[in-house]
Amino acid sequence: MRFQLGAVIAVIVMAAAPAGARERNDSPHSQACMAKNGFNLDMWRAHAAGTDAQVLRYIQCRDGVSAAQAKAIGIRDRNLSAGFH
């Protein structure tokens, strides 16, 4: 019985919290966020997507996260300039 309860809880937690689930950069939603911020997929892939502010707004739009979360994602994924902190 305990095992079943543990399994049910684990399934609920995994379904409710898709942690790290980010939109693909080539999805229509992501490309719309890119266009809104003044760059396209080719520019993104070439690491020529514009300013750090544009990249942060893009990550916020793409992932539906706060500015602080977008900053953490951008730093972790090396999408921001080297001097950005």
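Residues numbered from 1 in each chain as written. Predicted model: local features only at pLDDT ≥ 70, side-chain atom pairs only at ≥ 80, totals over all residues. Heavy atoms only, no water.

**What to know about the overall build of the protein**
Next, step 1: Within the protein, the regular secondary structure consists of five helices and zero strands.
Next, step 2: Along the protein, from the amino end to the carboxyl end, the secondary structure elements read α-α-α-α-α.
Next, step 3: Classification of the 85 residues of the protein by burial places 27% in the buried group.
Next, step 4: A separation threshold of at least 6 residues defines the contact pool for the protein, and within that pool the share at least 24 residues apart is 37%. (Helix = DSSP H or I, 4+ residues; strand = E, 2+ residues; numbered from the N terminus. Buried < 20%, exposed > 50% of the residue type's maximum accessible area, 1.4 Å probe, protein only. Contact = heavy atoms within 4.5 Å.)

**Describing the pattern of salt bridges**
Next, step 1: Taken as a whole, this structure holds three salt bridges when the rule is applied.
Next, step 2: Between Arg-24 and Asp-26 there is a salt bridge, and its shortest N-O distance comes to 2.8 Å.
Next, step 3: Relative accessible area serves as the criterion here: at 59%, Arg-24 is assigned to the exposed category.
Next, step 4: Across the salt bridge formed by Arg-76 and Asp-77, the nearest N and O atoms sit 3.3 Å from each other.
Next, step 5: Assessed through its relative accessible area of 52%, Arg-76 is described here as exposed. (Salt bridge = Lys/Arg side-chain N within 4 Å of Asp/Glu carboxyl O.)

**Observations regarding the state of the cysteines**
Next, step 1: Taken as a whole and assessed by the stated rule, the structure comprises one disulfide.
Next, step 2: Covalent S-S linkage joins Cys-33 and Cys-61, the inter-sulfur distance amounting to 2.0 Å. Judged by the torsion about the S-S bond (-65 degrees), the Cys-33/Cys-61 disulfide is left-handed. Here Cys-61 lies in helix α4 (residues 52-63) and Cys-33 lies in helix α2 (residues 28-36), a separation of 28 residues in the sequence. (Disulfide = S-S within 2.5 Å.)

**A look at the packing of α2 against α4**
Next, step 1: Following both chains from N to C, one finds α2 and α4 inclined at 150 degrees, their axes separated by 9 Å at the closest point. Regarding the angle of α2 to α4, the classification is roughly antiparallel. Judged by the sense of rotation from one axis to the other, the crossing of α2 with α4 is right-handed. The residues of α4 that touch α2, namely those facing His-29, Ser-30, Cys-33, Met-34 and Lys-36, are Tyr-58, Cys-61 and Arg-62.
Next, step 2: Of the residues assigned to the contact of α2 with α4, the class counts are four nonpolar, two polar and two charged. (Axes fitted to C-alpha atoms, helices over the stretch in contact; angles between N-to-C directions. Parallel < 35°, antiparallel > 145°, perpendicular 65-115°, else oblique. Left-handed = near helix turned anticlockwise from the far one by under 90°. Nonpolar A, V, L, I, M, F, W, Y, C, P; charged D, E, K, R; others polar.)

**Focus: the side chain of Gln-54**
Next, step 1: Here Gln-54 lies in helix α4.
Next, step 2: Other than its neighbours up to four places away in sequence, Gln-54 contacts Asn-37, Gly-38, Phe-39 and Ala-49.

**Some words on α2**
Next, step 1: Those residues of α2 that sit buried are Ser-30, Cys-33 and Met-34. Within α2, the buried residues cover an arc of 100 degrees as seen down the axis, which keeps them to one side. In α2, those exposed residues whose orientation departs by more than 90 degrees from the buried face are Pro-28, Ala-35 and Lys-36.
Next, step 2: Contacts made by the buried residues of α2 are with α3 (41-45) and α4.
Next, step 3: Gly-38 sits one or two residues past α2 and shows a positive phi near 85 degrees. (Arc of directions from axis to C-beta.)

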